[in-house]
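Residues per chain, in single letters:
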Amino acid sequence: MSKNDQIPHLTEWINSIPTSRREFITKLGKGAFFASFGIFGAGCEAVNRGLVDRGMLPVIFDELQTVGLPKPDMLVHSESPFNGELPPHFLNDAVTPTHRHFVRNNSGIPERAIKSDLNGWRLTVDGEVNNELSLSMEDLLRFPQVTMKVVLECAGNGRDLFEPKVEGTPWVRGAVACSEWIGVRLRDILETAGVKTSAVYTGNYGDDLPENGGESFSRGIPIEKAMDENTLIALKMNGEVLPAPHGFPARLIVPGWIGSSMQKWLNRIWVRDQVHDSEKMSGYSYRIPAYPVEPGEIPSVEDMRIATSLRVKSLITRPISNENFEIGKPIRIRGHAWAGEDEIDRVLVSTDFGVQWKETELIQPSNKYAWYHWNAEVAFANKGYYEIWARAYDDKGNDQPFTQPWNPKGYLGNMVHRVAVAIE
Ligand SMILES: Nc1nc2c(c(=O)[nH]1)N[C@H]1C(S)=C(S)[C@@H](COP(=O)(O)O)O[C@H]1N2
Ligand SMILES: [Mo]
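Residues numbered from 1 in each chain as written. Chains lettered and ligands numbered in written order. Predicted model: local features only at pLDDT ≥ 70, side-chain atom pairs only at ≥ 80, totals over all residues. Heavy atoms only, no water.

**Q** Even after reading the chapter, I still don't get the sheet that holds strand β12 (residues 266–272), so can you show me in this structure?
**A** If you trace the four strands from one edge of the open sheet to the other, you get β5-β4-β12-β8, paired in mixed fashion. Looking at which strands have only one partner, the edges of the open sheet turn out to be β5 (133–135) and β8 (201–206). Strand after strand, the sheet turns through a mean of 15° between neighbouring axes, direction not considered. Two elements, strand β4 (residues 123–127) and β5, share three bridges in a ladder whose sense is antiparallel. The partner of Val125 across the bridge, within β5, is Leu133. (Pairing = 2+ DSSP bridges. Helix = DSSP H or I, 4+ residues; strand = E, 2+ residues; numbered from the N terminus. Axes fitted to C-alpha atoms, helices over the stretch in contact; angles between N-to-C directions.)

Next up, the structure:
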């Protein structure tokens, strides 16, 4: 189990890659594949270009490198569109450095973002407003700039742990991060536009290319959440202009809610008089059953509800899974916890497969919607295989399950995290 958290599921991962790429990987073997990442990492552009020219590397690699992908140590689920995460022990920092933040793309990274090109970019606000807006970056920078650390977690984080397996990017535990965002309040923008009383929801759009003949990625949020003082149009991530993979030049930050509500490459906010009904708001997309279903059971579409807030969850970032320790030696356990719009009440750890639980030291987040930190010290009196389990509780009485309640698309996975330790 805990091994799942560290080892790429190579078969599934290779299967998720388009055929041409797959052949390339199989031909060269996975060693060569990872080595090729090394070449990019080292920045040997000449070598890399040479390989591309001779048809030995696909062109997509070239483009990814331009925007700093894949990031070092990334578990890459797919390159086109690009999806990758970092294993938990790389997420130990209080504020996740940008080079450790997962990347989740439904389609290609827009040209404008790749070129950092602001020319002609506008953020349009239309629909149920008194004054339509067409804002430039300069316009946005005239509004008060707010700084906030926010947990960003993909609704599909933990999908790989669902039984029976579900389709979709097989995120393990690393599609979560907590970065510092700087931007303007969406509320300030909406108040400038003058929201009509008929407004119900936003429909958010970006520069995304359409997915295989379908619509471009678009989701929305209720007008109450849009008017919340913590909902931002972020222009900076960890002190820098938004990097291309994370939404240059602007993205939404919707604290406490699933990552898909945080539209990247934002260019339009359509204020609507009904719940946004784009493809990604409908059917089984980002929706969960209204009641618990039997694993494998697909409820009818009418019984599906839009996923909003994240669930209570914790992550163990130390020790590293499968680390060796001496008998009796104190082991420092560390990690984070978050609960969407709710507060974390406590985090407990177990070293005996869930029989006994021990309180950890809980450290408050630096602002609401950042993650909490926790730590504890344990020691093992005998040699053998053990596991460290962590379980977070929120202030509403919710906690983390030991087995994952199932839903058709593998959303909101929050089962207890387990890390293996070997005592010698
Ligand atoms: N325009 C656009 N915004 C998007 C997406 C996308 O594919 N296109 N993916 C969403 C999803 S599903 C997630 S989890 C987050 C991921 O943000 P990150 O790549 O910065 O980690 O962005 C969201 N915003
Ligand atoms: Mo996501």
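Right, picking up where we left off after that structure.
**Q** Whenever I open this one, the packing of aromatic side chains confuses me. Can you help?
**A** One pair of aromatic rings is described through two measures. These are the centre distance and the angle between the planes. This structure, assessed with the given rule, holds eight aromatic pairs. Residues Phe217 and Tyr286 carry aromatic rings whose centres are separated by 6.4 Å and whose planes lie at 85° to one another, so their mutual orientation is edge-to-face. Residue Phe217 is found in the loop between β8 and α8 (223–226), and its partner Tyr286 is found in the loop between β12 and β13 (287–289); the two are separated by 69 residues along the sequence. When sorted by exposure, Phe217 lands in the same class as Tyr286, which is buried. For the pair Trp357 and Phe402, a centre-to-centre distance of 6.0 Å together with 45° between the ring planes defines the contact as tilted. Residue Trp357 is found in the loop between β18 (344–350) and β19 (358–359), and its partner Phe402 is found in the loop between β22 (384–394) and β23 (417–423); the two are separated by 45 residues along the sequence. Grouped by ring-pair contacts, the aromatic residues Phe353, Trp357, Trp389 and Phe402 constitute a single cluster. (Phe/Tyr/Trp six-rings, centres within 6.5 Å; stacked < 30°, edge-to-face > 60°. Buried < 20%, exposed > 50% of the residue type's maximum accessible area, 1.4 Å probe, protein only.)

**Q** Would you take a moment to explain the confidence of the model for the protein chain for this structure?
**A** Reading fine detail from the predicted coordinates is not recommended where pLDDT is low. Per-residue pLDDT for the protein chain averages 89, and the proportion of residues at 70 or more is 85%. Of all the helices and strands in the protein chain, helix α1 (residues 10–15) carries the lowest mean pLDDT, 34, while strand β11 (residues 251–253) carries the highest, 99. Confidence over residues 1–49 falls short of pLDDT 50; this stretch has 74 contacts with residues more than four positions distant or in other chains. (pLDDT = per-residue confidence, 0-100. Contact = heavy atoms within 4.5 Å.)

**Q** Is there a simple way to think about unusual backbone geometry in this case?
**A** With the exception of glycine, the majority of residues adopt a negative phi angle, and the majority of peptide bonds are in the trans configuration. With an omega of -10°, the peptide bond between Leu69 and Pro70 qualifies as cis. Mapped onto the secondary structure, Pro70 falls in the loop between α4 (59–66) and β1 (75–79). In this structure, Pro319 follows Arg318 across a cis peptide bond, with omega equal to -5°. By secondary structure assignment, the location of Pro319 is in the loop between β15 (313–318) and β16 (323–325). With a phi angle near 65°, Asp73 is a residue other than glycine that sits in the positive phi range. By the element assignment, Asp73 lies in the loop between α4 and β1. Given a relative accessible area of 47%, Asp73 falls into the partly exposed group.

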